[in-house]
Amino acid sequence: MITIRNLRKSYDSNHVLHGIDMDVKAGEFVVMLGLSGAGKSTLLRCINGLNQPDSGQLQVGGIDLMRKHSGRELARHVAMVFQHHNLVPRLSVRKNVLTGRLGQVSTLASVLQFFRRSDIALAEQCLERVGLTHKAGERTQALSGGQMQRVGIARALAQRPQVILADEPVASLDPRTARSVLQYLRDATRELGIAVVCNLHQVDYAREFGDRIVGLSQGRMVFDGAPDQLGDAALNAIYHQVPAMAELQEQHTPMPAGSWMPASPMVATTGGL
Ligand SMILES: Nc1ncnc2c1ncn2[C@@H]1O[C@H](COP(=O)(O)OP(=O)(O)O)[C@@H](O)[C@H]1O
Ligand SMILES: [Mg+2]
């Protein structure tokens, strides 16, 4: 579903991605871990066509992103879930989900917010998948943070995408809500055969929800394996020099339990993060 070979991306003199190789299959849930600045968002933005890579190969759902392609066609294949869900608060939950269909209807229909019956039925199905059927008619602003993120997932599902890219989708949620949101995302995408790349900060969620984990450090893939292969050596490679600790505190994330912290000594500096 996604094929990436030797992908490079710079912002002026800042080399952010240094030759990424990655394949993601239909129905696979890949969690991407890495410190702030490692290049995770940049890679997602390449996959959804917002960033133009400098070189390498990048194919998503049969579309070659290194060649001229239709943004509209790509948008039909790839949906995004954001940390701050990007919903319209005053619209109903149902209408927010229906905006996931806007790429697929004519401009006039989208301006008039005219939706086909089949689109409305699809929106209802997507809301059912995230357990929010009973909230369909409510204003989105009345929902809790976790419910809003589930609406964000339903909106992504309503695009009928082959790929969903989630950029820190649970970073603003408490642990219990975060796990529930990830569960909905994983179950829906698995059942529908959607390939997912999900950036996360929490190692324990990565282990619990990822079919596979990739670790990015300074724009290089330093780990690619099954959750049970993510041991101290891998964590050391991903969160080298233990700014992982500072990073986690900066993100206001509760300290992870267990023994995942690398054995190397604390380094006080967080410079460059
Ligand atoms: N639009 C941009 N313009 C210039 N530099 C950027 C832009 N987006 C990201 N960067 C730089 O690219 C590097 C990687 O950032 P990012 O992909 O956001 O990392 P992550 O998501 O892992 O935190 C950082 O050095 C960041 O400053
Ligand atoms: Mg990011």
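Quick note: structure is the one above.
Summary of the structure given here. These numbers were taken from a predicted model, which means no experiment stands behind them. (Residues numbered from 1 in each chain as written. Chains lettered and ligands numbered in written order. Predicted model: local features only at pLDDT ≥ 70, side-chain atom pairs only at ≥ 80, totals over all residues.)

**Examining the packing of helix H6 (residues 145–158) against helix H7 (residues 175–192)**
Contact geometry for H6 and H7: axes closest at 9 Å, N-to-C directions at 15°. What the angle tells us is that H6 and H7 run roughly parallel. As for how H6 packs across H7, the hand of that crossing is right-handed. Counting all contacts with H6, which are made through Gly 145, Gly 146, Gln 149, Arg 150, Ile 153 and Leu 157, the residues of H7 involved are Thr 177, Ser 180, Val 181, Tyr 184, Leu 185 and Ala 188. Here the residues of the contact of H6 with H7 sort into six nonpolar, five polar and one charged. (Axes fitted to C-alpha atoms, helices over the stretch in contact; angles between N-to-C directions. Helix = DSSP H or I, 4+ residues; strand = E, 2+ residues; numbered from the N terminus. Parallel < 35°, antiparallel > 145°, perpendicular 65-115°, else oblique. Left-handed = near helix turned anticlockwise from the far one by under 90°. Contact = placed C-beta atoms within 7 Å. Nonpolar A, V, L, I, M, F, W, Y, C, P; charged D, E, K, R; others polar.)

**Observations regarding the environment of Gly 137**
Inspection of the secondary structure puts Gly 137 in the loop between helix H5 (117–129) and H6. Placed 43 residues apart in sequence, Gly 137 and Arg 94 show a C-alpha to C-alpha distance of 6.3 Å. Excluding its chain neighbours within four sequence positions, the residues that come into contact with Gly 137 are Ser 92 and Arg 94.

**Things to note about the site of ligand 1**
Neighbouring ligand 1 are the residues Tyr 11, Asn 14, Val 16, Gly 34, Ser 36, Gly 37, Ala 38, Gly 39, Lys 40, Ser 41 and Thr 42. For the shell around ligand 1, the element with the highest residue contribution is helix H1 (residues 40–47), accounting for three residues. (Near = placed C-beta within 6 Å.)

**Description of H7**
Here H7 contains 18 residues, and its C-alpha end-to-end distance of 26 Å stays within 8% of the 26 Å for a straight helix at 1.5 Å per residue. Turning to H7, its buried residues are Ala 178, Val 181, Leu 182, Tyr 184, Leu 185, Ala 188 and Thr 189. Taken end-on, H7 shows its buried residues confined to a sector of 155°, consistent with a single buried face. Opposite the buried face of H7, at more than 90 degrees from it, the exposed residues are Arg 176, Gln 183 and Glu 191. (Expected span 1.5 Å × (residues − 1). Buried ≥ 20, exposed ≤ 12 C-beta atoms within 10 Å, placed from the backbone. Arc of directions from axis to C-beta.)

**Re the packing of H5 against H6**
Here H5 crosses H6 at 135°, and the two axes come no closer than 9 Å. When the axis of H5 is compared with that of H6, the two are oblique. The handedness of the crossing between H5 and H6 comes out as right-handed. Only Ala 154, Leu 157 and Ala 158 of H6 make contact with H5, whose side of the interface consists of Leu 122, Ala 123, Cys 126, Leu 127 and Arg 129.

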